[in-house]
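The chain contents come next:
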Amino acid sequence: MIWTMFLYGLLPLVAFAVLDSFAGIKSGCAAAVILALAEIFVMRRITGDWDPVSFAAAVLIIILGWVSIRMNNSVYFKFQPVVVAVLLALLISVVQFSSTPVVYRYLPLIEQALPAAVKPLLDDRNFLAVVNSLFNWVIWLILIHGALIAYAALRCST
């Protein structure tokens, strides 16, 4: 299910890249907006709840698509993953360095997502401490990933 959700989030960007190459910015942005809005309802169907991340992604796609069309430059749309990376790293940082780190705050959700065979690991405090410390590295990896995407958006073709 996690791979499915990942693909739904990636689909608007792929549609934009393909249609931008063959039909222009307006077609690419339109397809991305339609797929981003569809993702909101698909995620509702999958999870049974409205996903705020899907709403935020759709709003970001709409705004960056509008700016790209207005400026007639697809680079603005291509920066959507960069903005998401920066915001995600910021969000994880705030949660990680608050009173309750990410792993402990989202332990009930993590527990629901894991297969039964792996759930006993969540009772091991040493394991949770290691996973918690990995989130400090995740923040940096997300920022590096965002920087690489920014470089690709500016220097590489679609």
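Nothing here was measured: the structure is a model prediction, and the numbers come from that model.

The next point concerns helix H8 (residues 125-155). The end-to-end C-alpha separation of H8 is 45 Å, in line with the 45 Å expected for 31 residues at 1.5 Å each. Among the structural elements, helix H4 (75-78), helix H5 (80-96), helix H6 (102-105) and helix H7 (107-113) are those in contact with the buried residues of H8. Capping the start of H8 is the job of one residue whose side-chain oxygen sits 3.0 Å from the backbone nitrogen of Asn-126: Asp-124.

A surface patch of nonpolar side chains, amounting to about 960 Å² of accessible area, comprises Val-86, Val-130, Leu-134, Trp-137, Trp-140, Leu-141, Leu-143, Ile-144 and Leu-148. Broken down by element, the nonpolar patch gets its largest block of residues, eight residues, from H8. Residue placement: Ile-144 occurs in helix H8. The partly exposed category is assigned to Ile-144, whose relative accessible area is 47%.

Turning our eyes to something else, we now look at the nonpolar core. Counting 12 residues, the largest nonpolar core is built from Ala-85, Ala-89, Ile-92, Val-95, Val-102, Val-103, Leu-107, Leu-122, Leu-128, Phe-135, Ile-139 and Ile-142. Sorting the residues of this core by element identifies H5, H6 and H8 as the ones contributing at least two each. Leaving out residues up to four positions away in the same chain, Leu-122 has contacts with Leu-107, Ile-110, Glu-111, Leu-114, Phe-127 and Leu-128.

Taking 1.5 Å of rise per residue, 17 residues should cover 24 Å, and H5 covers 24 Å from first to last C-alpha, within 8% of that figure. The set of residues buried in H5 consists of Gln-80, Pro-81, Val-82, Ala-85, Ala-89, Ile-92, Val-95 and Gln-96.

Within the structure shown, the criterion is met by zero disulfides. Looking at the unpaired Cys-29, the closest cysteine sulfur is the one in Cys-156, lying at 19 Å. With relative accessibility at 40%, the residue Cys-156 sits in the partly exposed group.

As a further point, take unusual backbone geometry. Across residues other than glycine, the phi torsion is negative in most instances, and most of the peptide bonds are trans. In the Ramachandran plot, Asn-72 falls in the positive-phi region, its phi being about 55° despite a non-glycine side chain. Secondary-structure assignment places Asn-72 in the loop between helix H3 (52-71) and H4. In this structure Asn-72 comes out as exposed when scored by relative accessible area, which is 63%.

A complete count under the given rule lists three aromatic pairs for this structure. When the centroid spacing of 5.7 Å and the interplanar angle of 80° are considered together, the rings of Phe-41 and Trp-50 count as edge-to-face. The exposed category is assigned to Phe-41, whose relative accessible area is 54%. Judged by centre distance (6.0 Å) and plane angle (50°), the rings of Trp-50 and Phe-55 are tilted. Relative accessible area serves as the criterion here: at 40%, Trp-50 is assigned to the partly exposed category. Among the aromatic residues, those joined into a cluster by ring pairs are Phe-41, Trp-50 and Phe-55.

Procedures and definitions
- Residues numbered from 1 in each chain as written.
- Predicted model: local features only at pLDDT ≥ 70, side-chain atom pairs only at ≥ 80, totals over all residues.
- Heavy atoms only, no water.
- Helix = DSSP H or I, 4+ residues; strand = E, 2+ residues; numbered from the N terminus.
- Expected span 1.5 Å × (residues − 1).
- Contact = heavy atoms within 4.5 Å.
- Polar contact = N/O pair within 3.5 Å; in protein donor to acceptor, adjacent residues only side chain to side chain.
- Patch = residues over 30% accessible without salt bridge, like charges linked within 9 Å, V, L, I, M, F, W, Y side chains within 5 Å.
- Areas by Shrake-Rupley, 256 points an atom, 1.4 Å probe, with all protein chains shown as cover.
- Salt bridge = Lys/Arg side-chain N within 4 Å of Asp/Glu carboxyl O.
- Buried < 20%, exposed > 50% of the residue type's maximum accessible area, 1.4 Å probe, protein only.
- Core = buried A, V, L, I, M, F, W, Y, C linked by side-chain atoms within 4.5 Å.
- Disulfide = S-S within 2.5 Å.
- Phe/Tyr/Trp six-rings, centres within 6.5 Å; stacked < 30°, edge-to-face > 60°.

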